Amino acid sequence: MTDKKILTIQDISCVGQCSLTVALPIISACGIETCVLPSAVLSTHTAGFSGYTFRDLTEDMPNIKDHWKKEGISFDAIYTGYLGSTKQIDYVADIFAEVASDTCIKIVDPAMADNGNLYPGFDAEFVQSMKGLCGKCDYLLPNISEACLLTDTEYKTEYDEAYITLLLDRLMALGCKNIILTGVSYATGKTGVVVYENNTYSYYEHVKIADGCHGTGDIYASSFVGALLQGKTAYDAAKIAADYVLECIKETQKADNHWYGAKFEPVLYKLIEAVRN
Ligand code: PXL
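The sections below set out a description of the structure shown in this document. (Residues numbered from 1 in each chain as written. Predicted model: local features only at pLDDT ≥ 70, side-chain atom pairs only at ≥ 80, totals over all residues. Heavy atoms only, no water.)

1. Brief notes about the overall build of the protein
Then, in step 1: The secondary structure content of the protein amounts to 9 helices and 11 strands.
Then, in step 2: Scaling as 2.2 N^0.38, a compact globule of 277 residues should have a C-alpha radius of gyration of about 19 Å, and the protein matches this with 17 Å.
Then, in step 3: Looking at the protein as a whole, 53% of its 277 residues qualify as buried.
Then, in step 4: Here the contacts in the protein between residues at least 6 apart in sequence split such that 67% fall between residues at least 24 apart.
Then, in step 5: About 12,000 Å² of surface is accessible on the protein, with carbon and sulfur atoms providing 48% of the total.
Then, in step 6: With 22 positive and 36 negative side-chain charges, the protein shows a separation of 3 Å between the mean positions of the two kinds. (Helix = DSSP H or I, 4+ residues; strand = E, 2+ residues; numbered from the N terminus. Rg over C-alpha atoms; globule rule 2.2 N^0.38 Å. Buried < 20%, exposed > 50% of the residue type's maximum accessible area, 1.4 Å probe, protein only. Contact = heavy atoms within 4.5 Å. Areas by Shrake-Rupley, 256 points an atom, 1.4 Å probe, with all protein chains shown as cover. Lys, Arg positive; Asp, Glu negative; His and termini not counted. Charge placed at Lys NZ, Arg CZ, Asp CG, Glu CD.)

Below, the structure written as structure tokens:
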């Protein structure tokens, strides 16, 4: 077990099984003390609900950070997910600079797009700022849509290894140190994750379940972070996270019309077992 303390910065979607309501239970279940900085509070997430409320907490972020500094609080890891504005990205960069321990591991999930499209409310300026944050992290976890936006590369649904290598090279050019690229599929019925760590490329392939569900990106990143902080290699953490997401999707398929998120709770024990092994 570890006594590391992580800070995760993302929104609270009160209903929707994503962002902080996923990150906090998952990373805690991995045995890591998890501190949170909510970047906004929404009544629901933005994918499929309409008329959601959005309380922007951007201007609270520097005050919270300053209080932590005054109290001498610092973090062994900082993991960012969905951020609500360009300004928040600037504040996250300050948090990276001011409340990180000397050996702090910084993990960025540039949660902003899927299936080739930006989530509602994001624009080119946000993407541009996110590129800067990517250059400041130790582990970047984009899906292919996000990787394309971050590197100004055409989004494709069919591709070969050369296309994925090009995306990785372009992401590295932003200053990323290690990349976990999710949703990489080279064969029908299969998908997987590419891990680019210390200039070494590896690929974990697994079965693709046709109906993915919303929120699996956050489940993936949170379980990757939990496993990594428990001392797993990036490859092993990426594999544990992929296997766990598959279990979550299978569990969700058992339920009727559970469209807004993935049922990660009933199979959380499987993640705990994998992280302990
Ligand atoms: O799962 C990513 C996410 C997080 N937070 C909010 C979202 C989304 C994706 O749509 O809308 C508010």
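That covers the picture; the talk isn't over yet.
2. Some thoughts on the pairing of strand β10 (residues 190-197)
Then, in step 1: When you tally the buried positions in β10, you get 7 out of 8 residues, the bulk of the element.
Then, in step 2: Bridge analysis of strand β9 (residues 178-181) against β10 gives 3 bridges, and the strand direction is antiparallel. Counted as the bridge partner of isoleucine 180 is valine 195 from β10.
Then, in step 3: Strand direction decides the pairing type here: β10 and strand β11 (residues 200-207), joined by 8 bridges, are antiparallel. When the sheet's bridge partners are listed, tyrosine 196 is paired in β11 with tyrosine 201. (Pairing = 2+ DSSP bridges.)

3. Some points on the nonpolar core
Then, in step 1: One finds Leu7, Ile9, Ile78, Met130, Ile144, Ile164 and Leu181 to be the most contacted residues of the largest nonpolar core, which totals 46 residues.
Then, in step 2: Ignoring sequence-local partners within four residues, the contact set of leucine 7 consists of Cys35, Val36, Leu37, Trp68, Phe75, Ala77, Ile78, Tyr79 and Ile95.
Then, in step 3: The next biggest cluster of nonpolar side chains, apart from the first, holds 43 residues, and it includes Val22, Val193, Leu229 and Leu246. (Core = buried A, V, L, I, M, F, W, Y, C linked by side-chain atoms within 4.5 Å.)

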